[in-house]
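Examining the three-dimensional arrangement
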Amino acid sequence: MAETAQARGFSRRSFIKGAAALTAAGALAGCTPKTNDKDKVDPEAPVSSDELFSGTCRGNCGGGCFLNVHVRDGQVVRTSARDMPDPQYNRICTKGLTHVGRMYGANRVLYPMKRVGARGSGDFERISWDEALDTIAEKWKGYTEQYGPTAIMFFLGSGNYAALSGSCNSVGAYQRVVNVMGCSYCSLDVDAAVGFGSSRATGGIDLANELTDRKNAKTQIIWGNNPTISLMHTMHFFLEAKENGTRLVVIDPVYNASASKADWWVPIKAGTDGALALGVLNVLLENGWIDDETLRAKTNCGLLIKEDGTFLRMSELGVEPTEGDPDPLTGKPAVVDPPAVWDEAAGKAVAFSETAAPALTGVPDINGVKVQTVYENAKGYIAQYPPAVAAAVCGLTEDHVRELARIYHEDGPVTTEIMMGMNHYRNGHYSAWPVYLVSLLTGNAGKPGAAIGQSEEYLPQMLYSNSAAACSPKDSSGKPCRGQANLIHTVQIADVLETGKLLGEDLTIKSAYIHCSNPVVTMCDHDYTTGWFDKLEFVVVADLCMTETCKHADIVLPSAHWFEQVDLGFLFSTHPYLLWQDKCVEPLGESKPDFQIFGLLCEKMGLGEFWNITEEEYLETLLDSEYWKSVGCTVEKLKSEKATRIYPEGDKIASAEVFGTETGRISLYQDTVKRAYVSSKEVDESIERGLHWETPTFAGEDRAYRETYPFHLLSEHMRTHTHTQWWDCEYVKEYEPEPIVRLNPDDAAELGIVEGDVVKLSNDQGFVVMKAAINAGLPRRMVSSARSWQIGDFIDGHYASLPSREYNQVCANQAFNDVAVAIEKM
Ligand SMILES: Nc1nc2c(c(=O)[nH]1)N[C@H]1C(S)=C(S)[C@@H](COP(=O)(O)OP(=O)(O)OC[C@H]3O[C@@H](n4cnc5c(=O)[nH]c(N)nc54)[C@H](O)[C@@H]3O)O[C@H]1N2
Ligand SMILES: Nc1nc2c(c(=O)[nH]1)N[C@H]1C(S)=C(S)[C@@H](COP(=O)(O)OP(=O)(O)OC[C@H]3O[C@@H](n4cnc5c(=O)[nH]c(N)nc54)[C@H](O)[C@@H]3O)O[C@H]1N2
Ligand code: SF4
Ligand SMILES: [Mo]
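Procedures and definitions
- Residues numbered from 1 in each chain as written.
- Chains lettered and ligands numbered in written order.
- Predicted model: local features only at pLDDT ≥ 70, side-chain atom pairs only at ≥ 80, totals over all residues.
- Heavy atoms only, no water.
- UniProt positions renumbered as here; feature names shortened; annotations may be inferred.
- Near = heavy atom within 4 Å.
- Nonpolar A, V, L, I, M, F, W, Y, C, P; charged D, E, K, R; others polar.
- Core = buried A, V, L, I, M, F, W, Y, C linked by side-chain atoms within 4.5 Å.
- Buried < 20%, exposed > 50% of the residue type's maximum accessible area, 1.4 Å probe, protein only.
- Contact = heavy atoms within 4.5 Å.
- Patch = residues over 30% accessible without salt bridge, like charges linked within 9 Å, V, L, I, M, F, W, Y side chains within 5 Å.
- Areas by Shrake-Rupley, 256 points an atom, 1.4 Å probe, with all protein chains shown as cover.
- Salt bridge = Lys/Arg side-chain N within 4 Å of Asp/Glu carboxyl O.
- Helix = DSSP H or I, 4+ residues; strand = E, 2+ residues; numbered from the N terminus.
- Axes fitted to C-alpha atoms, helices over the stretch in contact; angles between N-to-C directions.
- Left-handed = near helix turned anticlockwise from the far one by under 90°.
- Polar contact = N/O pair within 3.5 Å; in protein donor to acceptor, adjacent residues only side chain to side chain.
- Domains from an automatic or database assignment.
- Parallel < 35°, antiparallel > 145°, perpendicular 65-115°, else oblique.
- Buried area = accessible area lost by both parts, 1.4 Å probe.

Named according to an unreviewed UniProt entry, the chain is 4Fe-4S Mo/W bis-MGD-type domain-containing protein originating from Gordonibacter pamelaeae. Entered under Sequence similarities (unreviewed entry) in the UniProt record, the comment concerning the chain runs "Belongs to the prokaryotic molybdopterin-containing oxidoreductase family."

**What to know about the site of ligand 3**
C57, C61, G63, G64, C65, I92, C93, K95, G96, H233 and T722 make up every residue found near ligand 3. Taken together, the residues of the shell around ligand 3 sort by class into five nonpolar, five polar and one charged.

**A closer look at the nonpolar core**
The biggest cluster of nonpolar side chains holds 65 residues, and the ones touching the most others in it are I221, W223, I251, L276, L281, L404 and L437. With residues near it in sequence (within four places) discarded, L437 still touches A201, L281, T442, I666, S667, L668 and L691. One finds A470, F570, M605 and W611 within the second-largest nonpolar core, a separate group that totals 61 residues.

**Examining a nonpolar patch on the surface**
Taken together, M462, L463 and Y464 make up a surface patch of nonpolar side chains, about 280 Å² in accessible area. With respect to the helices and strands, Y464 occurs in the loop between α14 (459-463) and α15 (467-471).

**Re helix α19 (residues 594-604)**
Within α19, the full set of buried residues consists of D594, F595, I597, F598, G599, L601 and C602. Contacts from the buried residues of α19 go to α3 (129-147), α4 (173-181), β22 (511-515), β23 (538-543), β24 (555-558) and α20 (615-622). Note on α19: the residue one or two positions beyond its end, G606, has a positive phi of about 75°.

**Topic: the packing of helix α8 (residues 273-286) against helix α12 (residues 398-410)**
Packing of α8 against α12 brings their axes to within 9 Å, and their N-to-C directions diverge by 65°. When the axes of α8 and α12 are compared, the crossing they make is right-handed. Touching L276, G279, V280, V283, L284 and E286 of α8 are V401, R402, L404, A405 and H409, all from α12. Class assignment for the residues of the contact of α8 with α12 results in seven nonpolar, two polar and two charged.

**Overview of the UniProt feature "domain: 4Fe-4S Mo/W bis-MGD-type" (unreviewed entry) in the chain**
Here, UniProt's "domain: 4Fe-4S Mo/W bis-MGD-type" (unreviewed entry) annotation points to residues 50-107. As annotated, residues 50-107 has a helix share of 9% and a strand share of 34%, and its two end C-alpha atoms lie 26 Å apart.

**A few points about unusual backbone geometry**
That bond from G412 to P413 is cis: its omega, 0°, falls within 30 degrees of zero. With respect to the helices, strands and loops of the structure, P413 is situated in the loop between α12 and β17 (414-417). Phi at S170 takes a positive value of approximately 70°, unusual for a residue other than glycine. With respect to the element layout, S170 can be found in the loop between β6 (152-156) and α4. Residues other than glycine seldom take positive phi values, yet W726 does so here, at roughly 80°. Here W726 shows up in the loop between β28 (711-716) and α25 (730-735).

**Here's the deal with the site of ligand 2**
Around ligand 2, a shell composed of 32 residues is seen, among which S158, T522, D543, T724 and R787 lie nearest. Between S517 and ligand 2, the recorded distance is 2.8 Å, taken from a side-chain N or O atom to an oxygen atom. Here ligand 2 loses 99% of its free accessible area of 920 Å² to cover by the protein chains. Taken together, the residues that form the shell around ligand 2 break down as eight nonpolar, 19 polar and five charged. Taken domain by domain, the shell around ligand 2 gets at least three of its residues from each of domain 2 (113-191 + 461-645) and domain 4 (705-825).

**Points about α4**
Along α4, nine of the nine residues are buried, which leaves the element largely enclosed by surrounding structure. The first or second residue beyond α4 is G182, which carries a positive phi of 65°.

**Focus: the packing of α4 against α19**
Running from N to C, α4 and α19 point in directions that differ by 10°, and their axes come no closer than 10 Å. Here α4 lies roughly parallel to α19, going by the angle between them. Facing A173, Y174, V177 and V180 of α4, the residues of α19 in contact are F595, F598 and C602.

**Re the domain arrangement of the chain**
As assigned here, the chain comprises domain 1 (3-103), domain 2 (113-191 + 461-645), domain 3 (207-317 + 353-453) and domain 4 (705-825). One C-alpha centre belongs to domain 2, the other to domain 4, and the line joining them spans 31 Å. Contact with domain 2, which involves 22 residues of that partner, is made by 23 residues of domain 4. Between domain 2 and domain 4 the total buried area reaches about 1,900 Å² when both faces are included, carbon and sulfur atoms providing 58% of it. Summed over the shared surface of domain 2 and domain 4, the result is 14 residue pairs in polar contact (both at pLDDT 80 or more). Residue assignment for the side of domain 2 that touches domain 4 shows that the elements contributing at least two residues are α17 (519-522) and α18 (526-535). Sort the elements by how many residues they give to the side of domain 2 that touches domain 4 and α17 lands first, with three residues.

See below:
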């Protein structure tokens, strides 16, 4: 790869000098330069003189690493890796080692501030906490009186996976404040397509095994993930298994650091994974490698589809529906009307659970109704992708398709790691369904070495915590809090602001509270995001540092850094531990832990009675469940041992016995189409019920759009940033000072571009100008750039202006990689 260190402004000496650069003032208007003595920030000082605290690094990189926080004279001087109870999980990265640069960086927000210039200008004035909170309360009380509490929208990002001050929706204290206030809630619509698509096959169950189980796989397949950058811990487990003889396959359009470690690299054309999986299913069926017994017993292949696309159900055969368990939301009992299958031996249709041998093909008309089995439907679709067709669509050879099928058939157990490679496209959920079927129908899930999915650990935190008590408090008279009012998807905000309606109901939004997020940079369509900010009357942003989003706020609140408060690493991580965060130092300047800010907001709003809880009480309540007790995760133990395992001892192996689908089996067809967001667009249900695949909307090579915008733009995640976090860390800037776009050398030659040239990327949506680097790992017509930079970092324009905010017709997912651009040298 031709990308050179110089092009990125890197030299070893300048990196080491970064420590001194930290002390350079360079403050933004409204921010105050660090107040600390630079001599105290000495990363070379001996460890023995430091006081050691327990810490956890917990941005949205998935790591959740365990840290020693070294404190001297009331200041954090360095961080280092801390030993996990299971040393296999001892890891840390450059970011975990450079927290000092983030904590004491010149960009840290130290005081509450109010905006005095135009939105986005960055002109702020320091105010007191009293003034900030009084202003917020006055505005919010006014909106509440006029429009109800739903006029205030809480917007949550992914900045901090901790239970008290972090971004743990549905289990963290953030959810408590949303429920107490009864306000509107907006989600970050990210990373949704694979979960949405795969749940059509699985009903949403977790099929990922613990990372320590990788060694039991005969083959590991990384299908759309770049763990050397984005899941560094996972990569260790992949490579350790490889050293033990496990074969590593990487399916990725780019020859990058992960692909370079593969035994077999499959250079798929971007956005075509679904076609590849359909081709593999074709080979599996053609060779009889998926046996009828599996199809009959483990899948819904025997179900009968009528001509209108819905299942034939027992009520249509004269069997009265029965009452099922009550719906957890409405409390109403569910109606159970089982789908029918054809029992060949009995020569009649029966409920699916009543026969072990439903017919897979050739079912006669039933009561004059013409039917087709799910098997016939799926097989018919898969037949459109014989290996030659799949290979042509995917830019591969027939041998690639056949070899992959052979591996799943006979080189198991296979572990398939899936992250965002196929996720950030508008066709992501169409791809995920057949990709999951390849693994499930070959028995490669639910046993040692056999698994599929993303290796993040979160289920016990989501499912078995006492979030009902922690997040939905009652007042002293037993009256419950209001509860979260609604869920708004990012793509709907402007619509709601314009029409005053959500789902046909009146909804006026006047204010937003942004927590743990930098949406002006991280959401698609920069103009759209700044546009909805502008339409809001009053925006409050709480953050550690002065982000681009803060600059669009009316009030900025200074959040304390992770190490300046007690907390608990919670929800997502790539290790199975809850980790204790000690309070290591006092919050810098006037910053406060968000948990305390939430309490102050509730109090000022006259809802203080619902926030009558200390940090420890909150955590004790959250962990007050049979599950947490059974695995020994208590606050007391966490305080003394700092790390507690979330599963019983031994590798956690997911179960693939009962699926979350209507039949409890693997599903190849659904008759009810769920739409994950509201849109005025008509949904074509016929393409959502069964297997379906199409090329990405903008990045697809066959799309007319590509004639004007010939380059597919891939947004990579950065090794040195976690999304936009660490962007202001001077150590990191010394190493990666500015955004760059990588081009294939032949494309660059054709465009007359050499390393370091300034280029413009543009499309219908917007443009950005930055420097070019040459990288032979990229295929022709695909360029790649990290999107974790803020407006002032680009030579001109904004990266976030390039991706469209349009969602697929049913899936609420930001398609960061479904982007095409034209490129010109400036
Ligand atoms: N250091 C760091 N780590 C992070 C993050 C970060 O910002 N910084 N962010 C975290 C978060 S929230 C996320 S969502 C993850 C994302 O982590 P990843 O899943 O690794 O996501 P990407 O980096 O978007 O892309 C993964 C791989 O997919 C490939 N790819 C692109 N298009 C396709 C395709 O169509 N098919 C296939 N098969 N492959 C394709 C890319 O070349 C890349 O190698 O990273 C997490 N980890
Ligand atoms: N073009 C493009 N855009 C993308 C992506 C892409 O691949 N391409 N990836 C997307 C993905 S996968 C994701 S998950 C999103 C992530 O989107 P975001 O969650 O918006 O991303 P972050 O940059 O991590 O923003 C987190 C903010 O929280 C702040 N923060 C950290 N800790 C705390 C705390 O304790 N309290 C408070 N109040 N604030 C805190 C940080 O300083 C930071 O400003 O980005 C998405 N954006
Ligand atoms: S940034 Fe992620 S991988 Fe790096 S130390 Fe922090 S949690 Fe670990
Ligand atoms: Mo993400």
